[in-house]
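Examination of the molecular architecture
Spelled out, the chains give:
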Amino acid sequence: MAATAKEKEKEGPIDFIWEGKDKKGDPAKGEVTALTEAAARADLRSMGVRVIKIKPKPKPLFASKAQPITTQDISIFARQIATMMQAGVPLVQSFDIIGKGHDNASMGDMIMAIKADVEGGDTFAESLRKRPLYFDDLFCNLVAAGEQAGILEGLLAKIASYKEKSESMRKKVKKALTYPIAVLVVAFIVTAILLIFVVPVFDSMFKGFGKELPAFTQMVVAMSGWMQEEWWKVVGGIFIVVKTWKFVFVRSEKFRQMVDRALLQAPIFGQIIYKSALARFARTLGTMSAAGVPLVEALISVAGACGNIVFFDAVMQMQVDISSGQRLQFSMEQAKIFPNMMMQMVAIGEESGRVDSMLEKVADFYDEEVDNLVDNMSALMEPFIMVVLGTLIGGLIVAMYLPIFAMGEAVG
């Protein structure tokens, strides 16, 4: 059954190959991008082309695979657009070059859809706002400011730098949180495998000894028996806990505040999360200040960029205070979550009229702090993880060999 026009539009822009005659009546051919064949014919007619033959362009044999669009894709897109425009390439042509050559087919399709929007009369910012899943308010507001002031290429370069540094920060925090969790999960899986599959083999062997097993071995055998019979309860319990956590976290603001406050107070991890939030606050506000976005408007985007509801609430309160006439430094003091060094740098920036550059320096400082904390934590966690793994795995092995040792002593 043929697809309807609306269904084709949902698929995104399509490349068409056409042949026809130009305004002078001479033979001509080329390519055009549009949502449907009818739209492609209309575009060609508007250019004075009489279409004789048109068909979708065949996809290359080794076409790029469609993958989910990531924050890194958006960061690279911002840098590519900034580089193209700084080189003098027109915006629409930049979309065409980047979109058609993108490794991620999903990202390429979205870029070509943005190109179609801009060609249809939308501004770049308006087209981005249609895709809030990938372009946040900060990105859209800075693009809009650049278009209005006629400095889009300069602001795109700032956005690209901001996105690259934010992505780097996100990866550092993710690395810090993921590494110990991943190791503990692996330790749990290995322990479960030993209890369910290995210990029963030893247990059947021990039954032929005709002697009472050591208490430690009896405990491990009992755990093994429970795991064999009740493993589904463990899996089900983990599944229910994870689902319940996600459900409550999304729907309860008080629960999110409790979790975020607890994370900020956690040893080592808390400092990483706290300083990364400070870095995001400083970098986001500095980037928007440099773009000329009014402070009251900028703080709305800054609140969402901090990545912690405690900071979100504090920044939104700062926005209310500043809209009533308070200075930025004083509102930061009232929030009681910012370090003295940061507030002093902001005060100097306000006095000298260079808040954006001061905030950029603060962001760089905390970026380096987070980097050092992650490295130190990894160095500290390695021996701790070895102890945990050694205790779990080594304990099970010792429990299984204790009866064998006891039997050897009896024989001796």
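Right, let's walk through the structure included here. The structure displayed is predicted, hence computed values, not measured ones.

Moving on: helix H13 (residues 309-323). Here H13 contains 15 residues, and its C-alpha end-to-end distance of 21 Å stays within 8% of the 21 Å for a straight helix at 1.5 Å per residue. Among the residues of H13, Ile-309, Val-310, Phe-311, Ala-314, Val-315, Met-318, Gln-319, Asp-321 and Ile-322 are the ones counted as buried. Lining the buried residues of H13 we find helix H10 (253-265), helix H11 (269-290), helix H12 (295-305) and helix H14 (328-335). Between a side-chain oxygen at the N-terminus of H13 and the backbone nitrogen of Val-310 the separation is 2.9 Å; the capping residue is Asn-308.

Contact geometry of helix H9 (residues 215-251) with H10 gives a least axis separation of 5 Å together with a crossing angle of 105°. With respect to their mutual orientation, H9 and H10 come out roughly perpendicular. Every residue of H10 that contacts H9 at Trp-245, Val-248, Phe-249, Val-250 and Arg-251 is listed here: Glu-253, Phe-255, Arg-256 and Val-259. Split by residue class, the contact of H9 with H10 holds six nonpolar, no polar and three charged.

In this description, a pair of aromatic rings is defined by centroid distance and the angle of the planes. All chains considered together, the criterion is met by nine aromatic pairs. A centroid spacing of 5.2 Å and a plane angle of 65° characterise the contact between Phe-95 and Phe-124, whose relative ring orientation is edge-to-face. Remark: Phe-124 occurs in helix H6 (residues 124-129) and Phe-95 occurs in helix H4 (residues 91-100); sequence separation between them is 29 residues. Both residues of the pair, Phe-95 and Phe-124, belong to the buried class. Pairwise contacts between aromatic rings join Phe-77, Phe-95, Phe-124, Phe-135 and Phe-139 into one cluster.

This part covers the sheet that holds strand S1 (residues 14-21). Strand order in the open sheet made by the three strands is S2-S1-S3, with antiparallel pairing throughout. Across the chains shown, the open sheet's two edge strands, defined by having one partner strand only, are strand S2 (27-34) and strand S3 (50-56). Put simply, the sheet's adjacent strands are angled 25° from each other on average, direction ignored. The sheet contact formed by S1 and S2 spans eight bridges and is antiparallel. For Gly-20, the partnering residue across the bridge sits in S2 and is Ala-28.

For the pair H12 and H13, interaxial distance at closest approach is 8 Å and the crossing angle is 175°. Judged on the interaxial angle alone, H13 and H12 are roughly antiparallel. Between H12 and H13, the residues in contact are Leu-295, Val-296, Leu-299, Ile-300, Val-302, Ala-303 and Gly-304 and Phe-312, Val-315, Met-316, Met-318, Gln-319, Ile-322 and Ser-323, respectively.

So, about a nonpolar patch on the surface. Residues Leu-177, Ile-181, Val-185, Phe-188, Ile-189, Ile-193, Phe-197, Val-198, Ile-238 and Val-242 make up a contiguous nonpolar surface patch of roughly 850 Å² in combined accessible area. Elements represented by at least two residues in the nonpolar patch include exactly helix H8 (152-206) and H9. Sort the elements by how many residues they give to the nonpolar patch and H8 lands first, with eight residues. On the accessibility criterion, Phe-197 (57% relative accessible area) is exposed.

Rules used in this analysis
- Residues numbered from 1 in each chain as written.
- Predicted model: local features only at pLDDT ≥ 70, side-chain atom pairs only at ≥ 80, totals over all residues.
- Heavy atoms only, no water.
- Helix = DSSP H or I, 4+ residues; strand = E, 2+ residues; numbered from the N terminus.
- Expected span 1.5 Å × (residues − 1).
- Buried < 20%, exposed > 50% of the residue type's maximum accessible area, 1.4 Å probe, protein only.
- Contact = heavy atoms within 4.5 Å.
- Polar contact = N/O pair within 3.5 Å; in protein donor to acceptor, adjacent residues only side chain to side chain.
- Axes fitted to C-alpha atoms, helices over the stretch in contact; angles between N-to-C directions.
- Parallel < 35°, antiparallel > 145°, perpendicular 65-115°, else oblique.
- Nonpolar A, V, L, I, M, F, W, Y, C, P; charged D, E, K, R; others polar.
- Phe/Tyr/Trp six-rings, centres within 6.5 Å; stacked < 30°, edge-to-face > 60°.
- Pairing = 2+ DSSP bridges.
- Patch = residues over 30% accessible without salt bridge, like charges linked within 9 Å, V, L, I, M, F, W, Y side chains within 5 Å.
- Areas by Shrake-Rupley, 256 points an atom, 1.4 Å probe, with all protein chains shown as cover.
- Salt bridge = Lys/Arg side-chain N within 4 Å of Asp/Glu carboxyl O.

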